[in-house]
Amino acid sequence: MLPAAKTTRVRTGHRPPYKSTAALKQCADKILLQLTRQQPTAATYATVSLLGIGLIYLLFSALHASFPPAHSSSELGPHEVSHLVHPSKSADVAAMGRRYASLPKNRLAIVIPYLAPAAGAPTFPPYFELFAMSAAGSAQDVDYLIFHCFIPPNLLPDQSSLPNNVKLIDLNSQQQNNGSDAAEENECDMAKLFTRVTDQRQKNNQMKMPLEKLSTMLSRQIINLPYILVEYKPAFGHIFADYLKDYSHWGYSDLDVVFGDMSRWIDHDEWTDYDIVTYGFGDQDKLYLRGQFTFHRNDPTYINQLWRECKYLSEMDLRYAHPSTVKFESAEGCYSQAVITKKDVKVKYAVKAFSDVSEHSPIYAHGMYLSLGSAPSAIASFSTSYNAKSVLYTASTIESGIKLLTLSPNWFEDHSKYSLYSKRDLPLQEYIGEKSQVQTYRTLFNEGDKEASKVKCMYWAPKDYQMDLCTVEGSVGSDEVVFLEGGVLMKQKFVLRESVFPLGVRSFPFFHFQEWKRTYRTTQLLPSHNIRQPSTSSKAFAGLIITKEGALPLFSPDSSASRWKSHKHLKWSSSNTISSDWVTLDTGATSTHPSNSRFCLSSSPKSNPKGATLCEISAAWPRMESSESDLGDSAYVHILRSPAAKIKATVRGKKETSSASWWDDRLIDANNDVTLALTLQISSSQMAETSVLKSLLAVADSNIFIWGGKQPSVLLIYIDSSVQDKNLLSTTVQLIKDTFASDPADSSAAHLQNSLVAIVDSNEPAVSRKALMNMAANAAPTRWIVTGLELERGLVLSQEASLYAMREAKVYADLRGHVFVIPQFASKRDDTRILKNNLPEGRQMFSSIGSELLPTIKGKQSMSSHLSAYDCLKCSENISRPETIFGQQETLGSGEGLLDDAEGADEGEGEMDDQSQNKRRRLADASYADKSVEEQIENLWWDLSVSEAYGTPGGFNGQTDSSVDAIAKIHDRIEVSLISLLDRSEYHLEYLRHFDKSPVLLIDRLGPSQEMMTLDLAPEVEEFGGRCFNLLRLAQLATLSYRINVLPGAFAASYPKTRSALCTDALAMNEDRSQCDCDLGSEAAIHEILIDEVKRPAKVAVLKDFDSMGTLM
């Protein structure tokens, strides 16, 4: 096992200081409003200016200072950090929050403790960034305090990319193990905090067990069953009191929530007149305090102690004294009953939430729209006076959904139509009629109706609470708000205020996706990660549409035109405006900052719901402060070399500065260079075969050498660290280091000067190759990336591949949304022209050929596109591997040359007639599906490549009927054929699933429109880890209106030398076929994932081209 990295304890980032400007501006605005009822004059403005200056002076004099800044835990000193871990001992822990208590403004802290599922990867759920990004719209009034444990620093979101009001608080503490100075182990202080609910019993010496024992038992339980954290929600105001001193209100919510314009929706009376406010989605007939959103007046002595009537909390030691009888207790039962029986507590049960509980709602049909408002400038977005927007809305009915497609995402900024929305003091809901009393079944029971005791309206709460919380059936409607005042329950109807919202549109402050979250995967929600980053151009993302299938970009009406419209009248490349958009808008790396994405290397199906998966092993690129990433129970990532390593090495000693990225931006043209992203998995069987291991590394090294030392490349090597023989593991790692981590001064390693090489290891024998592909591509510092090359098959790029790729990057610099396919072949002959002195001295490398030989190759039919027939390990038992792989003809250094005479070719390695070859291909694919897509792409590539070689428009004799129009029609047919693969017919599904080649693609990180980022909108599906659905991504890209082309002259090929070097009899007889199919273990999960992956790009395509199509699918 590679050496473990040290764990960083607290991960929160810098937040800009809170200025007094906003508060003063509010006061000045009110004065201006009173003085400018009529048309203001110059004298009026002068008066207002003088009053404003005087007001500023008075306020600052009264406060004696400017308002203190907001602190994050990363800004605290070492002593203050310890206070974060042990808040009960802290006198200054409130330094991490703003001192809003001294301000004439209310502020709410939402408390959310989180522990990852015991069986899953130690990280936040896939939808965390969606939650955090939406929370930014509440920054005026709400902070979100996220308490967590056991999440390695590299699997945490980068705090600098999170909104200022989302604060990550790490409760990990490192304890000395058995008194040893060297050994440390992580412990979570969350359980210690939670045992504060027994403080009165501790004070009165009533504890039935030692506090330390109770803490240990609770810690064990919340680690194994993190869901039980919700039991403690009512007591959060007491448990986390030290973090809440500077807030007027505190509350609780969940991470499976998308927040809208909370500042606009929290009414003034909810801040001032009520002790507790809870938001529901129309089920007020059940009077429980909703776990998804309830907030309290921060009253430490009374309101924050209402939970004590719940014995499962206040007498927790009694409960845990009999651990075998401990059962889950819903806080929405006991606590809600405790509150509703109080006569001196005022509660409001409001209808202000969207939910996905009903499949017949407009949300399922049209999605949930989240608009971010007008794009801020780069300066404004970092200003403390800038307030981010988050406005949630959807169709009122399924039939009115067409309105969403024609409505501007920024409709709420149109003051000519919706001026009432901007009036912050005007409630968005309007009460109608009079209040009337509400009856619960407790009332009926007290009146003698004994049948009332049998009521059960809340299946998740114990029966004891039902009579108090269930209103008499039919007495409270979904359009009624319920109030508890003086111990009496009242109700009143409400409507959305007229002229505030567009006709046919509904809006609420948050959306609880409690059903969709259960099947969400990280790659479905990537468009939400960087959506608030300022663009390098004048345009930025308008927002998102959240659907069951994932997050879709929200297109502005002026950007939804078809592709040809967006390219019309473009000037030839004269600026970097278009080509630089990707720098801030996708989740991948650049030359100045690393990727912060998480990648799921291994998944397993959940038992419930149908089709859901759980990520068991996650990986992430290390932060720049370390070249290692120890991810605890997940994967370990170690950087062997990077272009910036030399810089870091020279400053790590005495100097305090270091590179901000793994790349040296002096070596990279981010818009015109092309990164080669390679992955390699080394199995334990290959580790045992030293010659094979060296050859695998040589294949990777050969591709980097051919790509050229000046072009950037990424190599990600996965090794199985579960092998019993640790010497074998150590030897493998050393061989990798010897190959790629050599001294930069070594001339034989000059081609590695611009390469990022890393090892990933875990205890899993094999992981998802598609996840590794995503991880490698996300490390690329350039707009253009080549990805998909299967090194395990011995594939080596052609000699000019890098030049051809760079040419297309320059040609298409101002035309976004292009993908180029690089074909791959199994050559039946070696290249005999290569001279040893052309290779770095002392390095084992494999040669490749150039495009000038293509006409000869095609004429002699010396290359086959059927790679599986030449694989060492067969995925189909019906296909016999060509015997000559082990014969004399295909040993290292022998075999026919590509330029040798073709006589006797029928006796050569792998030769077969067309009928036999077609039969083998069908058997290998386990399908008789039409090969027209693959054949069309290869035929187009051959024609254009021969044209490159001869300088004529195709054909070996110069005769051709090719033309620009004909080639355009071929492109269209290819795209249509790819799109048709997603129609989910049995015919196409089989072809998609069993297409056994990983397409080698040159991709543009910029999609066809400004809202589309390729790495985020169409990544590889990581759960399809084996050799299955390889063609799915290309079909998705075609559906998303990417222009599918070929890269003439460039190709990849394996040769007899490379294949024989990677194969032995022992490896060929290996019975492990786990990588031959999806390796997920559940057909139901495969089916559900595929449906989502088909629907999501289809919906994006329809939304994008709505202007030309005129209807929603």
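Residues numbered from 1 in each chain as written. Predicted model: local features only at pLDDT ≥ 70, side-chain atom pairs only at ≥ 80, totals over all residues. Heavy atoms only, no water.

Turning next to the overall build of the protein. Of regular secondary structure, the protein possesses 38 helices and 35 strands. Across the 1113 residues that make up the protein, the buried fraction comes to 58%. Of the contacts formed within the protein by residues at least 6 apart in sequence, a portion of 80% connects residues at least 24 apart. Summing over all exposed atoms, the protein offers an accessible surface of approximately 45000 Å²; the carbon and sulfur share of this is 51%. (Helix = DSSP H or I, 4+ residues; strand = E, 2+ residues; numbered from the N terminus. Buried < 20%, exposed > 50% of the residue type's maximum accessible area, 1.4 Å probe, protein only. Contact = heavy atoms within 4.5 Å. Areas by Shrake-Rupley, 256 points an atom, 1.4 Å probe, with all protein chains shown as cover.)

On to the pattern of salt bridges, then. Here the idea is simple: oppositely charged side chains can pair when their charged atoms come close. The final tally for this structure, using the stated rule, is 50 salt bridges. For the salt bridge of Lys-245 with Asp-242, the shortest nitrogen-to-oxygen distance reads 3.8 Å. What makes Asp-242 buried here is its relative accessible area of 10%. A salt bridge links Lys-435 to Glu-485, with the nearest nitrogen and oxygen atoms 3.5 Å apart. Placement of the pair is Lys-435 in strand E14 (residues 429-437) and Glu-485 in strand E15 (residues 480-485), with a sequence separation of 50 residues. (Salt bridge = Lys/Arg side-chain N within 4 Å of Asp/Glu carboxyl O.)

We now examine the sheet that holds strand E29 (residues 796-797). Spatial ordering of the open sheet is given by E29-E35-E31-E32, a layout of four strands whose pairing is mixed. Among the strands making up the open sheet, the edge pair consists of E29 and strand E32 (863-864). In terms of strand pairing, strand E31 (residues 824-827) meets E32 through two bridges, oriented antiparallel. Residue pairing for E32: Ala-826 is matched across the bridge by Ser-864. (Pairing = 2+ DSSP bridges.)

Okay, unusual backbone geometry next. That bond from Asn-608 to Pro-609 is cis: its omega, 0 degrees, falls within 30 degrees of zero. For Pro-609, the position within the fold is in the loop between strand E21 (599-605) and strand E22 (613-619). Of note in the backbone geometry, Phe-150 takes a positive phi value of approximately 65 degrees without being a glycine. The topology assignment puts Phe-150 in the loop between strand E2 (142-148) and strand E3 (166-170). The phi torsion at Asn-205 lies on the positive side, around 55 degrees, for a residue other than glycine. Secondary-structure assignment places Asn-205 in the loop between helix H6 (199-203) and helix H7 (211-224). On the accessibility criterion, Asn-205 (71% relative accessible area) is exposed.

For strand E25 (residues 674-682), the buried fraction is high: nine of the nine residues fall into the buried class. Neither face of E25 is exposed, since Val-674, Leu-676, Leu-678, Leu-680 and Ile-682 on one face and Thr-675, Ala-677, Thr-679 and Gln-681 on the opposite face are all buried. Examined bridge by bridge, E25 and strand E28 (residues 784-790) share five bridges and lie parallel to one another. By the bridge assignment, Leu-676 is partnered in E28 with Val-786. The pairing of E25 with strand E26 (residues 713-720) spans seven bridges and is parallel. Bridging across to E26, Leu-678 finds its partner in Leu-715.

Below, the discussion takes up the pairing of strand E9 (residues 293-297). Counting buried positions along E9 yields four of five residues, so the element is predominantly enclosed. Pairing geometry for strand E6 (residues 249-253) and E9, over five bridges, is antiparallel. Across the sheet, residue His-249 finds its bridge partner in E9, namely Arg-297.

Of all hydrophobic cores here, the largest spans 166 residues; its most connected members are Phe-128, Tyr-144, Ile-146, Phe-511, Trp-621, Phe-1024 and Ile-1044. Counting residues per element, this core draws most heavily on helix H37 (residues 1083-1104), at seven residues. With near-sequence residues (within four places) excluded, Phe-128 lies in contact with Ile-146, Pro-157, Leu-162, Val-166, Leu-168 and Leu-255. (Core = buried A, V, L, I, M, F, W, Y, C linked by side-chain atoms within 4.5 Å.)

What follows covers the sheet that holds strand E7 (residues 257-259). Read from one edge to the other, the open sheet built from three strands follows the order E7-E18-E11, with strand pairing classed as mixed. Of all the strands in the sheet, just E7 and strand E11 (354-355) have a single pairing partner and so form its edges. Examined bridge by bridge, E7 and strand E18 (residues 510-512) share three bridges and lie antiparallel to one another. Within E18, the residue paired with Phe-259 across the bridge is Phe-510.

To continue, consider the state of the cysteines. What the rule picks out here adds up to six disulfides. Each sulfur in the disulfide pair Cys-600 and Cys-615 lies 2.3 Å from the other. Taking the sign of the S-S torsion, 120 degrees for the link of Cys-600 and Cys-615, the bridge is right-handed. One end of the pair, Cys-600, is in strand E21; the other, Cys-615, is in strand E22, and 15 residues separate them in sequence. Each sulfur in the disulfide pair Cys-1028 and Cys-1078 lies 2.1 Å from the other. For the disulfide bridge between Cys-1028 and Cys-1078, the dihedral angle about the S-S bond is near 115 degrees, and by the sign convention the bridge is right-handed. Taken together, the residues Cys-1028 in the loop between helix H33 (1014-1017) and helix H34 (1032-1039) and Cys-1078 in the loop between helix H36 (1065-1068) and H37 connect sequence positions 50 residues apart. The buried category is assigned to Cys-1028, whose relative accessible area is 0%. A residue is classified by how much of its surface remains accessible, and Cys-1078, at 1% relative accessible area, is buried. (Disulfide = S-S within 2.5 Å.)

Moving on to the confidence of the model for the protein. Note that predicted coordinates carrying low pLDDT should not be read in detail. Across the protein, the average pLDDT comes to 79, with 75% of residues at 70 or higher. Note on residues 55-104: pLDDT under 50 across the span, and 92 contacts to partners over four residues away in sequence or across chains. (pLDDT = per-residue confidence, 0-100.)

On to the packing of aromatic side chains. A full pass over the atoms with the stated rule returns 52 aromatic pairs. Summarising the aromatic geometry, the rings of Trp-941 and Trp-942 are spaced 5.0 Å apart at their centres and angled 70 degrees between planes, so their arrangement reads as edge-to-face. Across the pair, Trp-942 and Trp-941 agree in class, each one buried. Against the face of Phe-445 rests Lys-450, its NZ or CZ located 4.6 Å from the ring centre. (Phe/Tyr/Trp six-rings, centres within 6.5 Å; stacked < 30°, edge-to-face > 60°. Lys NZ or Arg CZ within 6 Å of the ring centre and 35° of its normal.)

Another point: the environment of Arg-290. Structurally, Arg-290 can be placed in the loop between strand E8 (276-280) and E9. Put simply, Arg-290 and Tyr-349 are 59 residues apart on the chain and 9.0 Å apart in space, counted from C-alpha to C-alpha. Beyond its immediate chain neighbours, meaning those up to four positions away, Arg-290 contacts Tyr-252, Thr-278, Tyr-279, Gly-280, Asp-283, Gln-284, Glu-332 and Tyr-349. Only 2.7 Å separates the side chain of Arg-290 from the backbone oxygen of Asp-283, close enough to count as a polar contact. (Polar contact = N/O pair within 3.5 Å; in protein donor to acceptor, adjacent residues only side chain to side chain.)

What follows concerns helix H31 (residues 964-980). Here H31 contains 17 residues, and its C-alpha end-to-end distance of 24 Å stays within 8% of the 24 Å for a straight helix at 1.5 Å per residue. Listed as buried for H31 are Ile-970, His-971, Ile-974, Glu-975, Ser-977 and Leu-978. Projected down its long axis, H31 shows its buried positions confined to an angular sector of 160 degrees, all on one face. What points out from H31, more than 90 degrees from its buried face, is the exposed set Asp-965, Lys-969 and Val-976. (Expected span 1.5 Å × (residues − 1). Arc of directions from axis to C-beta.)

Tracing the backbone shows Lys-1099 in helix H37. Lys-1099 sits 733 residues away from His-366 along the chain, and the two C-alpha atoms are 9.8 Å apart. For Lys-1099, the side chain forms a polar contact with the side chain of Glu-549, separated by 2.8 Å.

What follows covers the packing of H31 against H34. Taken N-terminus to C-terminus, the directions of H31 and H34 make an angle of 115 degrees; their axes are 8 Å apart at the nearest point. By crossing handedness, the relation of H31 to H34 is classed as left-handed. The segment H31 lies against H34, with Glu-975, Leu-978 and Ile-979 engaging Leu-1034, Ala-1035, Ala-1038 and Thr-1039. Here the residues of the contact of H31 with H34 sort into five nonpolar, one polar and one charged. (Axes fitted to C-alpha atoms, helices over the stretch in contact; angles between N-to-C directions. Left-handed = near helix turned anticlockwise from the far one by under 90°. Nonpolar A, V, L, I, M, F, W, Y, C, P; charged D, E, K, R; others polar.)

Between the first and last C-alpha of helix H24 (residues 690-707) there are 26 Å, a value that for 18 residues agrees with the 26 Å anticipated at 1.5 Å per step. Counting buried residues along H24, 14 of its 18 residues qualify, which places the element largely inside the surrounding structure.

Attention now goes to the packing of H24 against helix H25 (residues 726-740). Relative orientation of the contacting elements H24 and H25 amounts to 30 degrees, with a least axis distance of 11 Å. It follows that H24 is roughly parallel to H25 by the angle criterion. With respect to the hand of their crossing, H24 and H25 are arranged in right-handed fashion. From H24, Thr-690, Leu-693, Lys-694, Leu-697, Ala-700, Asp-701 and Ile-704 reach across to H25, where they touch Thr-732, Leu-735, Ile-736, Thr-739 and Phe-740. When grouped by side-chain class, the residues that make up the contact of H24 with H25 number seven nonpolar, three polar and two charged. (Parallel < 35°, antiparallel > 145°, perpendicular 65-115°, else oblique.)

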